[in-house]
Amino acid sequence: MKTWSKEERYRVLKSADEIKALHERTILSDYRQHYHIQSVTGLLNDPNGFVFHDGVWHLFYQWCPWGAVHGLKYWYHTTSENLVQWTNEGVCIRPDTEFDNKGAYSGSALPTSDALYLYYTGNHRDEDWTRKSYTCLVNLMDDGTPVKLPPLFGPNADYTEHQRDPKIIEQNGKYYIILGAQTKDKKGCVIIYTSDSPTEGWHFAGQLKVPGFEDFGDMWECPSIETISGYDVLIFCPQHLKLQGRGGSVHHSGYLLGHMDWENLTFRPDNTSFHVLDFGFDSYAAECAANPHDRNKATLVAWMGLPDASYPTDEEDWSGCLTLPRELRVRDRRLIQQPLDELRALRGEKLDLETTNLLPRVSELELISRGGDLNLRLFADADGNGGLTICYDDDAKEITVDRSGLKKRFNAEQGEQRTRPLPKGLFHLRVFIDRSSIEIFVNDGDAVFSSRIFPTNGEERLFISGDASVHLWKLNRAVTDDFVV
Ligand code: FRU
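This section reports on the structure supplied with the text.

Criteria and cut-off values
Residues numbered from 1 in each chain as written. Predicted model: local features only at pLDDT ≥ 70, side-chain atom pairs only at ≥ 80, totals over all residues. Heavy atoms only, no water. Salt bridge = Lys/Arg side-chain N within 4 Å of Asp/Glu carboxyl O. Helix = DSSP H or I, 4+ residues; strand = E, 2+ residues; numbered from the N terminus. Buried < 20%, exposed > 50% of the residue type's maximum accessible area, 1.4 Å probe, protein only. Pairing = 2+ DSSP bridges. Axes fitted to C-alpha atoms, helices over the stretch in contact; angles between N-to-C directions. Disulfide = S-S within 2.5 Å. Phe/Tyr/Trp six-rings, centres within 6.5 Å; stacked < 30°, edge-to-face > 60°. Lys NZ or Arg CZ within 6 Å of the ring centre and 35° of its normal. Contact = heavy atoms within 4.5 Å.

### Let's talk about the pattern of salt bridges
Evaluation of the coordinates by the stated rule reveals 31 salt bridges. Taking the shortest distance from any N to any O, the salt bridge between Arg 347 and Glu 364 comes out at 2.8 Å. Taken together, the residues span a long stretch of sequence, with Arg 347 in strand 23 (residues 347-351) and Glu 364 in strand 24 (residues 363-380) at a distance of 17 residues. Here Arg 430 makes a salt bridge to Glu 364, at a shortest N to O gap of 2.8 Å. Pair noted here: Arg 430 is in strand 28 (residues 428-434) and Glu 364 is in strand 24, with a separation of 66 residues, a long-range link. Using a relative accessible area of 6% as the deciding quantity, one classes Arg 430 as buried.

### Quick word on the sheet that holds strand 5 (residues 104-111)
One open sheet holds the four strands; their spatial order is 5-6-7-8, and the pairing between them is antiparallel. One side of each edge strand has no neighbouring strand; the edge strands of this open sheet are strand 5 and strand 8 (146-153). Going from strand to strand, the sheet's axes swing by 30° on average, the running direction of each strand aside. Across 10 bridges, the pairing between strand 6 (residues 116-125) and strand 7 (residues 131-140) is antiparallel. Note that in strand 7 the partner of Asn 123 across the bridge is Ser 133.

### As for the state of the cysteines
This structure, assessed with the given rule, holds zero disulfides. Not part of a disulfide, Cys 288 finds its nearest cysteine sulfur in Cys 237, a span of 11 Å. Residue class for Cys 288 comes out buried when judged on its relative accessible area of 4%.

### Side note on the packing of aromatic side chains
Within the structure shown, the criterion is met by 24 aromatic pairs. When the centroid spacing of 5.6 Å and the interplanar angle of 45° are considered together, the rings of Phe 50 and Trp 57 count as tilted. For the pair shown, Phe 50 and Trp 57 are each scored as buried. A network of ring pairs unites the aromatic residues Phe 213, Phe 216, Trp 220, Phe 236 and Phe 274 as a single cluster. Across the ring face of Trp 4, the terminal group of Lys 2 is positioned such that the distance to the ring centre comes to 4.5 Å.

### So, the environment of Lys 297
Its location among the elements puts Lys 297 in the loop between strand 18 (284-290) and strand 19 (298-303). In contact with Lys 297, not counting residues within four places along its chain, are Ile 228, Asn 291, Glu 327, Leu 328 and Arg 329.

Here it is as structure tokens:
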């Protein structure tokens, strides 16, 4: 595996020509996705600035052009009219000022009647590599030109260098920016700035109080506070923390349901449970967009990957894709995530499982259970061995996803099995398979498992046992590999 020098990782992209050959090589990969947003070259991590503005969905991602490595980060821009078909628009925010000299890090968007503002962390490093975070602002013009405005504020001396990922929130005529941060005694937290204007006059308001979560990981990345179906939801990624049922993973993406008191900067969780957003192996840095038509819902997308992890395509010099956007609601005091209705338009040929057990690499499987145990083996060999398994145990009332049977194993130290209790049993599954990922929606959005998988030749069969009706469709393409930089 290639080792990257600092100079290589932080090399500035001066012209698209510098990565044209890399792109041509990348798109030949057997693992390029057909309906998930993926890196144009190099590495993709967090989704950023997800927003609906003037009839268009905008979604950006953290991008390092040079290879499967975290280095100098740009915001790469994609757009869609329906959240299914996505168009590559090219680089939007470049790390080309003193404030963001070592990366345009994650952030969010605010649509107003006359502008689309993008808030991001300017990751500045001094000569001695000391990090300073600036909260920066871009006005994205209608013609796509990003105009940088002066940074809103710099680093807060009362916290460590870890302070980033601005989420802009408008509340009762005031604006708030919340940032993920680390206290000097190494506890993860959220800090809050406020202003009457989205573009100026920002000042520090205080640290968010979250009773019961004062000592919960050493850094909280990508925080946001959403209001969905009348509930406030604090979504964040606590780091360096072991959680039951999460194998060796130490970075998590999850949420608390509760009530946000903006006067007193206090988020009061309803109970003491931190809920994991996604039970699969690869999901992090989730970002929500408000639903322009229905305030009871939001749309969530996440990086289908993890920090400090490596993936089989690293050796092909690219890595990273986003999850499908999902519709978010609250049911039974939990967030539920459902595939968007618009996705049904991708369904192509319906396959007859009586006559074939070949599992297409780009497909959707729907299963309606009639009760009892269920076992699915996907991408097994012709003898029915190996592959990824989804097992529901009706006595234990739990579902387990296990990817240890696939030939290409990776991040095994983080655990290769994930189990989720289903107290009411299993009645429904929708499984979305793309060339290198699987997303399993359980019981109408009650639980989701998102994972990267990298089937090889001969890993192509589907075996199902249990009492259920099963439907399988090929899915059509919804993203293209256009070279737009
Ligand atoms: C989360 C994260 C963010 C940061 C970005 C840098 O994955 O570490 O905190 O802004 O990635 O790419």
